[in-house]
Each structure stands twice: as C-alpha cells, then as structure tokens.
Amino acid sequence: MTLTPLSYRVVDRRDETHDTVTLVLDPAADALKPFAPGQFAMLYAFGVGEIPVSVSRLADGHRLTHTVRAVGAVSRALCGLRIGGWVGVRGPFGTAWDSAAAHGNDLLVIAGGIGLAPLRPLVDAVMAEPHAFGRLNVLAGSRTPADLLYQDEFPAWEKPFAAVTVDRPANGWTGRVGVVTTLLHEARFTPSDTVAFVCGPEVMMRATARALIHQGVRPDRIRVSLERNMRCATGHCGHCQLGPLLLCRDGPVVGYDQAEPLLTVREL
Amino acid sequence: MTPHPGGPPGEGVLAALAAEHRGRLMALARDVALPGGTRIFEEGEKADRFWIIRSGTVALDVHMPGRGRVVVETIGAGSLLGWSWLCPPRQWHLAAETRDPVRAWEFDAAAVHDLCAEDTALGLSLVTVVAETIGDRLRATRTRLLDLYGPPGPQGSGPVP
Ligand SMILES: Cc1cc2nc3c(=O)[nH]c(=O)nc-3n(C[C@H](O)[C@H](O)[C@H](O)COP(=O)(O)OP(=O)(O)OC[C@H]3O[C@@H](n4cnc5c(N)ncnc54)[C@H](O)[C@@H]3O)c2cc1C
Ligand code: FES
C-alpha cells in the first residue's frame with residue numbers, strides 16, 4: 001500500500017500566499033489509512049516527480065489536506081494543479097506530534113514559515129480537546145506579513161494565545177518585528193510543565209530550542225520536525241539518513257534531546 | 001533573543017541583577033507613561049537616557065532615504081531600550097517609537113555612570129546585562145539576515161535538505 005501511489009483528485013485549492021497553495025484531495029477509489037498530525041505523504045505530480053509533504057489539516061473520512069510551497073519542479077507542479085487534477089499519494093509516513101504526551105501541560109506551538117503547515121493539525125487537535133491541556137500558545141515567524149499562512153485562522157487561535165512576528169515589515173504592518181523567539185516573553189506557559197512543538201528551518205529550530213532550554217523547558221519536551229531528502233519513505237533507500245536516524249521512519253518529529261547532537265555536527 | 005519575560009521589576013533585564021544592585025539602580029528610576037505613537041528618541045541624537053520597558057511595545061526604526069522609516073525590531077516588557085549611552089559616541093544609532101501605550105522605568109545615563117563608578121561590582125553586573133542584550137540582538141539580527149523563511153537557493157539561504 002505504501003509503495004504504490006493511490007490516485008487522489010484535487011477537490012479544492014486555495015492560494016495561501018504568492019508561492020504557497022493548499023490542496024484538498026479525495027481518493028478516487030481506495031484510500032490511505034488515516035494520518036496523524038505531523039505525519040507526511042509522498043505526493044506524486046504526474047510526469048514530474050514525488051516529494052514529501054506533511055498533512056496540514058485532518059478531516060473526517062479519507063480527505064487529505066496539504067499546503068505546498070513552490071520551491072522547485074515538483075512543488076511547483078503541485079501548486080499549479082487545478083480542481084479536478086490528479087495526484088498520486090503514498091502514506092502515511094513518519095512520526096507524529098505526540099500530543100497525548102503533552103496532556104495536562106502547557107503547549108507551545110512555534111512555527112517558522114511553511115513550518116506552520118505541519119503544526120496546524122496539532123493546533124486543531126488541541127483546540128478540539130481544550131480541557132486535556134494547559135495553556136495553548138501559537139507563535140509564528142514569517143518573512144514578511146504577506147508570507148504568513150492561514151491568516152484568517154489566527155483570530156480563533158488568539159482565544160488561547162497566538163502571536164506573529166515578521167523579519168521584514170511591509171508598510172502599514174503594526175505587529176511585531178524580529179525573530180520568533182522574541183514572542184516567548186508574551187507566551188503564557190510554565191517552563192517546567194510545558195511541551196513545545198517546533199517546526200521551521202533548522203537554524204530557527206535550534207535557536208528556539210536553545211531559548212526554551214534557557215527558560216527551563218527540558219530538551220526531551222521539545223519536539224522538532226527534521227526534513228531531509230526523501231525517496232522511498234519506507235526506510236530502505238537511506239536518502240533521509242541523519243546519523244543513526246532514518247528520518248522517514250524515525251522522524252520527521254523527534255525530541256530535541258535526540259536531535260541536538262545531530263544538528264550541531266557539520267556533516268554526518 | 002532579547003531577555004524580556006514579564007514586566008514589573010524583578011523580571012526581564014532587572015531579574016539578571018542581584019537584589020542589592022537592583023535596589024540601588026531602581027533608586028534612580030523614574031516611572032514614565034508614554035502614549036502610543038510617541039517618538040522616544042531619534043537617530044543621531046545624544047543618548048543620555050535608557051529605559052526598561054514594563055508594559056507595551058516599542059518599535060526601533062531606521063530612516064531609509066526614499067522609503068521613510070523602516071522598523072527593524074520591536075521590543076516588549078522586561079526589555080532594555082537603549083544601550084548607545086554606554087559607549088562613545090553615545091548617540092542613538094536607531095530611533096524608537098511606542099507602538100501602544102508604554103509604561104517604563106527611565107534612567108538618566110550620567111547618574112547610572114556615576115553609580116557604576118562608585119560601586120564597581122554593580123557596574124560590572126550592569127555592563128554584563130547590557131552586553132547580553134546587545135549579544136541577543138546581534139544574534140537575532142544575524143539569524144534574520146540568513147533570510148531563513150525565504151526561497152532556498154542562491155538568492156536566499158533557506159534550508160536545503
Ligand atoms: C517530512 C517532510 C515534510 C515536508 N512537508 C512539507 C510541507 O508540508 N509543505 C511544503 O511545501 N514542503 C514540505 N516539505 C518540503 C518539500 O518536500 C520540498 O520543498 C520539496 O521536496 C522540494 O521539491 P521540488 O522538486 O519542488 O524542489 P527541488 O527541485 O528538489 O528543489 C528546489 C529548491 O528547493 C530546495 N529544497 C528542496 N527540498 C527542500 C526542503 N525540504 N526544504 C527547503 N528547501 C528545499 C532545493 O535545495 C532547491 O534549492 C517537507 C519535507 C519533508 C522531508
Ligand atoms: S527516504 Fe528512503 S530510507 Fe528514508
């Protein structure tokens with residue numbers, strides 16, 4: 001099942017930003033097993049190639065939602081799909097944001113750029129079960145205000161707590177300017193009882209994890225999502241190897257206690 | 001990252017000082033309330049004061065010919081606003097404007113310099129705290145210069161697998 005792509009049809013698409021699109025996919029016949037927040041699919045753009053893309057929303061039934069940023073041939077082809085277009089999908093792959101392990105704790109969901117996409121199903125899950133958790137904080141860093149994903153969903157996330165900061169403000173931006181870690185001082189959490197879920201560029205995740213540890217969050221309570229080139233996604237080809245980990249199988253979500261020594265060596 | 005959790009004395013920048021030093025420094029503090037949109041200082045002016053923000057947000061900006069004021073960073077409760085008073089030429093290298101109503105402790109730089117000269121242990125602690133703030137801002141600036149969230153490849157230095 002995971003080796004052969006199943007056909008899915010684009011039933012909805014939405015331009016999130018100038019280079020990022022959300023695709024909603026329905027199975028043509030057979031459907032994949034349900035995904036968990038943080039897991040990814042291999043999306044095959046016919047005739048172009050296959051890339052790993054996380055689920056960005058979980059729905060009842062077999063519907064899949066992915067948010068894709070166009071950076072190269074395959075992602076551009078996926079972003080160019082129209083309603084009715086076809087995609088080959090394999091999955092679900094990889095480890096998930098283990099929200100159950102965070103029950104009873106304050107939650108920090110910290111995203112940089114497209115990193116907000118894999119975290120959105122986690123935010124949805126926590127908001128659907130608010131009493132199981134402490135305080136939820138969604139902190140997002142974006143290159144510019146126009147690059148910020150899911151802008152219309154922030155008002156709902158602000159009810160618990162949400163904040164955004166940008167690297168480069170555009171005219172008229174009255175929000176925060178600076179790195180995402182500067183939002184931590186506004187967040188509502190008790191470091192010793194907090195679990196943090198972090199996704200974004202590696203440098204951003206490293207800086208964020210260090211700031212969290214400095215504030216008293218334990219490294220094993222900081223989850224990061226590591227991306228590497230993926231081919232088979234089934235733990236066989238070795239393309240996604242990072243030290244002892246095959247990230248398609250042992251990741252992408254790993255504890256920072258495990259990730260830190262791997263992220264700070266120059267080459268593995 | 002700028003150390004600025006919390007707001008009242010005892011948190012943020014002030015938390016890094018020993019209680020005794022904090023007490024002596026706070027004896028020089030003046031409680032100020034600044035409405036939103038207040039220009040606190042301008043680039044190039046004499047840097048003779050500094051502030052520790054208690055609540056609200058301050059935007060640091062720089063004037064760009066043809067583009068007007070460009071905000072380069074915003075800082076909030078617990079943060080140190082202004083460190084140009086510490087070293088020559090003691091002129092603001094950025095300008096600052098309140099984003100919303102701000103409460104802050106204001107310090108006269110000359111009085112703080114005198115206090116540091118008189119109590120060198122306090123002076124060392126304070127300079128260490130200010131240096132940490134400068135270090136945090138430098139790190140944050142460098143991280144942003146990496147253009148992390150931008151497109152990967154030659155133009156940006158976004159992540160490459
Ligand atoms: C587990 C996992 C989950 C992912 N989830 C998402 C997601 O939800 N949404 C999404 O848009 N992307 C996601 N990605 C990244 C996505 O897989 C890559 O952007 C894609 O592989 C690029 O393929 P391409 O053929 O379009 O570009 P290529 O032609 O392969 O590359 C074009 C440019 O993009 C750079 N690039 C390639 N891969 C990445 C990458 N992983 N990160 C940053 N730059 C890259 C290349 O170095 C090159 O400069 C995920 C990756 C992994 C490993
Ligand atoms: S992608 Fe082949 S082993 Fe992970």
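See the structure shown above.
Residues numbered from 1 in each chain as written. Chains lettered and ligands numbered in written order. Predicted model: local features only at pLDDT ≥ 70, side-chain atom pairs only at ≥ 80, totals over all residues. Heavy atoms only, no water.

Participant: Kindly report on the overall build of chain A, identifying the contributing residues and their values.
Facilitator: When you go through chain A residue by residue, the secondary structure sums to 6 helices and 16 strands. For 268 residues, the compact-globule estimate of 2.2 N^0.38 gives 18 Å, and the C-alpha radius of gyration of chain A, at 18 Å, lies within 12% of that figure. In chain A, once contacts between residues fewer than 6 apart in sequence are set aside, the share between residues at least 24 apart is 69%. Split by element, the accessible area of chain A, about 11,200 Å² in all, is 51% carbon and sulfur. Here chain A contributes 26 positive and 26 negative side-chain charges, whose respective centroids are spaced 3 Å apart. (Helix = DSSP H or I, 4+ residues; strand = E, 2+ residues; numbered from the N terminus. Rg over C-alpha atoms; globule rule 2.2 N^0.38 Å. Contact = heavy atoms within 4.5 Å. Areas by Shrake-Rupley, 256 points an atom, 1.4 Å probe, with all protein chains shown as cover. Lys, Arg positive; Asp, Glu negative; His and termini not counted. Charge placed at Lys NZ, Arg CZ, Asp CG, Glu CD.)

Participant: Go over the interface of chain A and chain B with me, naming the residues and quoting the values.
Facilitator: Facing the 28 residues of chain A at the interface are 24 residues of chain B. At the junction of chain A and chain B, the tally comes to 3 salt bridges. Here B:Asp147 ties to A:Arg143 by a salt bridge, and the two come within 2.7 Å at their closest N and O atoms. At the junction of chain A with chain B, the criterion picks out 8 residue pairs in polar contact (both at pLDDT 80 or more). Secondary-structure elements contributing two or more residues to the side of chain A that touches chain B are strand 9 (136-142), strand 11 (176-177) and helix 4 (202-215) of chain A. In terms of residue count, the dominant contributor to the side of chain A that touches chain B is helix 4 of chain A (3 residues). When grouped by side-chain class, the residues that make up the side of chain A that touches chain B number 11 nonpolar, 11 polar and 6 charged. (Salt bridge = Lys/Arg side-chain N within 4 Å of Asp/Glu carboxyl O. Polar contact = N/O pair within 3.5 Å; in protein donor to acceptor, adjacent residues only side chain to side chain. Nonpolar A, V, L, I, M, F, W, Y, C, P; charged D, E, K, R; others polar.)

Participant: Go over the packing of aromatic side chains with me, naming the residues and quoting the values.
Facilitator: By the definition in use, this model includes 9 aromatic pairs over all chains. Here A:Phe40 and A:Phe93 contribute two aromatic rings whose centre-to-centre distance is 5.6 Å and whose plane-to-plane angle is 40 degrees, an arrangement assigned as tilted. Within this pair, whereas A:Phe40 is found in strand 3 (residues 40-45), its partner A:Phe93 is found in strand 7 (residues 86-93), the two being separated by 53 residues in sequence. Judged by its relative accessible area of 3%, A:Phe40 falls in the buried class. Summarising the aromatic geometry, the rings of B:Phe41 and B:Trp92 are spaced 3.7 Å apart at their centres and angled 15 degrees between planes, so their arrangement reads as stacked. Here the residue B:Phe41 occupies a position in strand 2 (residues 39-41), and B:Trp92 occupies one in the loop between strand 6 (80-81) and strand 7 (95-98), the gap between them amounting to 51 residues. B:Trp92 gets classed as buried once you look at its relative accessible area, which sits at 4%. Through pairs of rings, three or more aromatic residues link up here, namely B:Phe41, B:Trp51 and B:Trp92. Lying across the ring of A:Tyr150, A:Arg120 places its NZ or CZ 3.8 Å from the centre. Geometry around B:Trp105 places B:Arg54 over its ring, the cationic atom sitting 3.9 Å from the centre. (Phe/Tyr/Trp six-rings, centres within 6.5 Å; stacked < 30°, edge-to-face > 60°. Buried < 20%, exposed > 50% of the residue type's maximum accessible area, 1.4 Å probe, protein only. Lys NZ or Arg CZ within 6 Å of the ring centre and 35° of its normal.)

Participant: Explain the pairing of strand 3 of chain A residue by residue, including any values.
Facilitator: Residue and element names in this part refer to chain A. Here strand 3 lies mainly inside the structure; 5 of its 6 residues are buried. Sheet topology places strand 3 next to strand 4 (residues 49-54); 6 bridges connect them, and they run antiparallel. Following the sheet pairing, methionine 42 is matched in strand 4 by proline 52. Between strand 3 and the antiparallel strand that follows it, strand 4, lie 3 residues; glycine 47 among them carries a positive phi value of about 80 degrees. Of the pairings in the sheet, the one linking strand 3 to strand 7 comprises 4 bridges and is antiparallel in character. Among the inter-strand pairings, tyrosine 44 is bridged to a residue of strand 7, identified as glycine 88. (Pairing = 2+ DSSP bridges.)

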